[in-house]
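A structural walkthrough
Residues per chain, in single letters:
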Amino acid sequence: MKIALGSDHGGFNLKEEIKKWLEEKGYSFIDYGTYSTESCDYPELALKVAHAVADGECTHGIIVCGTGIGVSIVANKVPGIRAALCHDTFSARACREHNDANVLTLGERVIGRGLALDIVETWLNASFSGGRHQRRVEMIKALDEKKG
Ligand code: RB5
């Protein structure tokens, strides 16, 4: 497992908290920026993480912005990416088990550090269930090929 991490300025502080947590837990990750709270454009950062996952450089991506919405919209435009915006642990587990989500997005202005780290932990520990969900994920992958 290798995690691609990124944020815009609105998600920078939470991204740094997640980075610290990943380090403490011994996860392997790459920080694609941003590297300060200076204003920047979330599509650029979201694309860096999404491409790192889609190209196979990383297995999982976590992207933070103010709401988690902008980065999720952008990441889902990259073929091969199934990004899920989660602000609760049930969704974090379900999006791995049912949707094989390979990118998690979070909103720093929506939830606190404690819940965000619980969501990250839940998401990283969950895995795709396959079975009946496999066919549905294949249907999503077929849409990616049309986009291609
Ligand atoms: C930046 O102000 C904010 O628009 C961005 O972080 C994000 O919430 C967009 O969806």
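Let's talk about the site of the ligand
Every residue lining the ligand is accounted for by D8, H9, Y42, C65, G66, T67, G70 and R109. Here an oxygen atom of the ligand sits 3.3 Å away from a polar atom, N or O, in the side chain of R109. Relative to its free-state accessible area of 290 Å², the ligand is covered by the protein chains to the extent of 73%.

Considerations on helix 4 (residues 89–97)
When helix 4 is considered as a whole, its buried residues turn out to be A92, A94, C95 and R96. Contact partners of the buried residues in helix 4: strand 3 (60–65), strand 4 (83–85) and helix 5 (113–125). Residue D88 occupies the N-cap position of helix 4, its side-chain oxygen lying 3.1 Å from the main-chain nitrogen of F90.

Describing the sheet that holds strand 1 (residues 2–7)
Taken in spatial order, the five strands of this open sheet run 2-1-3-5-4, and their pairing is parallel. Each having just a single partner strand, strand 2 (28–31) and strand 4 make up the two edges of the open sheet. Within the sheet, the average angular offset between the axes of one strand and its neighbour, ignoring direction, is 20°. Pairing of strand 1 with strand 2 involves four bridges; the strand directions are parallel. Bridge pairing links A4 to I30 in strand 2. Across the sheet, helix 1 (residues 12–25) lies against strand 1, strand 2, strand 3 and strand 5 (103–107), angled at about 160° from strand 1, the strand it touches most.

A short note on the environment of E145
Take E145: it is sitting in helix 6 (residues 132–147). Among the residues examined, E145 registers a relative accessible area of 67% and is labelled exposed. C-alpha separation for the pair E145 and G80, spaced 65 residues apart in sequence, amounts to 8.8 Å.

Let's talk about the packing of aromatic side chains
Within this structure, the stated rule accounts for one aromatic pair. Judged by centre distance (5.8 Å) and plane angle (20°), the ring pair of W21 and Y27 falls under stacked. Among the residues examined, Y27 registers a relative accessible area of 22% and is labelled partly exposed. The ring centre of W123 lies 5.9 Å from the NZ or CZ of R96, which sits over that ring.

Focus: a nonpolar patch on the surface
Among the surface-exposed residues, I69, I73 and L85 lie close enough to one another that they form a single nonpolar patch of about 250 Å² accessible area. With respect to the secondary-structure elements, L85 resides in strand 4. Given a relative accessible area of 34%, L85 falls into the partly exposed group.

Here's the deal with the pattern of salt bridges
For the structure on display, the rule yields nine salt bridges. Of the charged contacts in the structure, one is a salt bridge between E17 and K20, with a shortest N-O distance of 3.7 Å. Placement of both E17 and K20 in helix 1 is noted, with a separation of three residues, approximately one turn of the helix. For K20, a relative accessible area of 44% corresponds to the partly exposed category. Each of K15, E16, K19 and D31 takes part in one network of salt bridges that share partners.

Analysis parameters
Residues numbered from 1 in each chain as written. Predicted model: local features only at pLDDT ≥ 70, side-chain atom pairs only at ≥ 80, totals over all residues. Heavy atoms only, no water. Near = heavy atom within 4 Å. Polar contact = N/O pair within 3.5 Å; in protein donor to acceptor, adjacent residues only side chain to side chain. Areas by Shrake-Rupley, 256 points an atom, 1.4 Å probe, with all protein chains shown as cover. Buried < 20%, exposed > 50% of the residue type's maximum accessible area, 1.4 Å probe, protein only. Helix = DSSP H or I, 4+ residues; strand = E, 2+ residues; numbered from the N terminus. Contact = heavy atoms within 4.5 Å. Pairing = 2+ DSSP bridges. Axes fitted to C-alpha atoms, helices over the stretch in contact; angles between N-to-C directions. Phe/Tyr/Trp six-rings, centres within 6.5 Å; stacked < 30°, edge-to-face > 60°. Lys NZ or Arg CZ within 6 Å of the ring centre and 35° of its normal. Patch = residues over 30% accessible without salt bridge, like charges linked within 9 Å, V, L, I, M, F, W, Y side chains within 5 Å. Salt bridge = Lys/Arg side-chain N within 4 Å of Asp/Glu carboxyl O.

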